[in-house]
Amino acid sequence: MQIAIGADHAGFALKEQLKPWLEAAGHQIIDLGAHDLDPDDDYPDFAAAVARSIQAGQAQRGIICCGSGVGASITANKIAGVRAGLCHDTYSSHQGVEHDDMNVICLGARIIGLDLSKEIVASFIGASFMPEPRFQRRLDKLIQVETEG
């Protein structure tokens, strides 16, 4: 799977630890930065880059790491076609994909550690949207809200 990944200074270490683990699992990683630890960088820059890569079809899934994950989630959801969720547990990470067709996961590196992050990301990547009528109906309504503004 093609996975875009990005992080600000607060999520940088987690991103750097997740990358080799994802590559070892056979995924192709598009690293959209930060490429160096810079305490002055800003999460919207990296969250938007990951979201735009999803929007453009360059990656099937996206992972954004920042301090809490909140700002990254808010930013990513501004991009049409992106359904980003803040997840700190495995249930939300797979349920968000199965029921809501979530395509970007946001992680709070100051909230959860590496081992739990790996479990959450594995759950996210391993999940597929379940096109049951009720889930499709809800997704269609979500897309309508997005297009109508």
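Residue numbers restart at each chain and count upward from 1, following the sequence in its written direction. Two thresholds apply to this predicted model, a pLDDT of at least 70 for residue-level local features and 80 or more for giving and counting side-chain atom pairs, whereas whole-chain, interface and lining totals are computed over all residues. The side-chain numbers reported here are obtained from all heavy atoms of the structure, hydrogens and water having been left aside.

Trainee: Looking at this model, I keep getting lost on the side chain of Asp8. Mind explaining?
Mentor: Secondary structure is summarised from DSSP: a helix means a run of H or I of at least four residues, a strand means a run of E of at least two, and numbering begins at the N terminus for each. Position of Asp8 among the secondary structure elements: in the loop between strand S1 (2-7) and helix H1 (12-24). What qualifies as a polar contact is a pair of N or O atoms within 3.5 Å, subject to a donor-acceptor requirement within protein and to the restriction that residues adjacent in sequence count only when both atoms come from side chains. Within the structure, Asp8 has its side chain in polar contact with the backbone nitrogen of Ala10 (distance 3.0 Å).

Trainee: Is there a simple way to explain helix H5 (residues 114-126) in this structure?
Mentor: Every α-helix winds through 3.6 residues per turn, so residues three or four apart in the chain are directed the same way. To estimate how far a helix should reach, multiply one less than its number of residues by 1.5 Å. In this model H5 runs 18 Å from its N-terminal to its C-terminal C-alpha over 13 residues, within 8% of the 18 Å that 1.5 Å per residue would give. For H5, every residue scored as buried is listed here: Ser117, Ile120, Val121, Ser123, Phe124 and Ile125. In what follows, residue pairs with any heavy atoms lying within 4.5 Å of each other are defined as contacts. The inward-facing, buried residues of H5 contact S1, H1, strand S3 (61-66), helix H4 (90-100) and strand S5 (104-108). Residue burial is assigned from relative accessible area. The probe radius is 1.4 Å, only protein chains are included, and a residue is buried under 20% of its type maximum, exposed over 50%, and partly exposed in between.

Trainee: Is there a simple way to think about a nonpolar patch on the surface in this case?
Mentor: For patches, a residue must show more than 30% relative accessible area and have no salt bridge; joins then use 9 Å for like charges and 5 Å for nonpolar side chains, namely Val, Leu, Ile, Met, Phe, Trp and Tyr. All accessible areas in this document rest on Shrake-Rupley with a 1.4 Å probe, and a residue is counted as covered only by the protein chains that are shown. Salt bridges are defined as contacts in which a side-chain nitrogen from Lys or Arg sits within 4 Å of a carboxyl oxygen from Asp or Glu. Taken together, the side chains of Val70, Ile74 and Leu86 make up a nonpolar region of the molecular surface, amounting to roughly 240 Å² of accessible area. Here Val70 lies in helix H3 (residues 70-76).

Trainee: Would you take a moment to explain unusual backbone geometry for this structure?
Mentor: When glycine is set aside, most residues are seen to have a negative phi, and most peptide bonds are trans. Between Gly33 and the following residue, Ala34, the backbone shows a cis peptide bond with an omega angle of 0 degrees. On the secondary structure map, Ala34 appears in the loop between strand S2 (28-31) and helix H2 (43-55). The residue Asp101 is not glycine, and still its phi comes out positive at about 55 degrees. One can find Asp101 in the loop between H4 and S5. Residue class for Asp101 comes out partly exposed when judged on its relative accessible area of 23%.

Trainee: So what exactly am I meant to see when it comes to the sheet that holds S3 here?
Mentor: In sheet architecture, strand pairing relies on hydrogen bonds along the backbone and comes in two forms, parallel and antiparallel. Pairing within the open sheet is parallel, and its five strands lie in the order S2-S1-S3-S5-S4. Two strands close off the open sheet at either side, each with one partner strand: S2 and strand S4 (84-86). Neighbour-to-neighbour, the strand axes of this sheet turn through a mean angle of 25 degrees, independent of strand direction. The criterion for strand pairing is that DSSP finds at least two bridges linking the strands in question. Pairing between S1 and S3: five bridges, direction parallel. Note that in S3 the partner of Ala4 across the bridge is Gly62. With axes taken as lines fitted to C-alpha atoms, and helix axes fitted only over the stretch in contact, angles between N-to-C directions fall between 0 and 180 degrees. Seen against the sheet, H2 touches S1, S3 and S5 and runs at an angle of roughly 175 degrees to S3.

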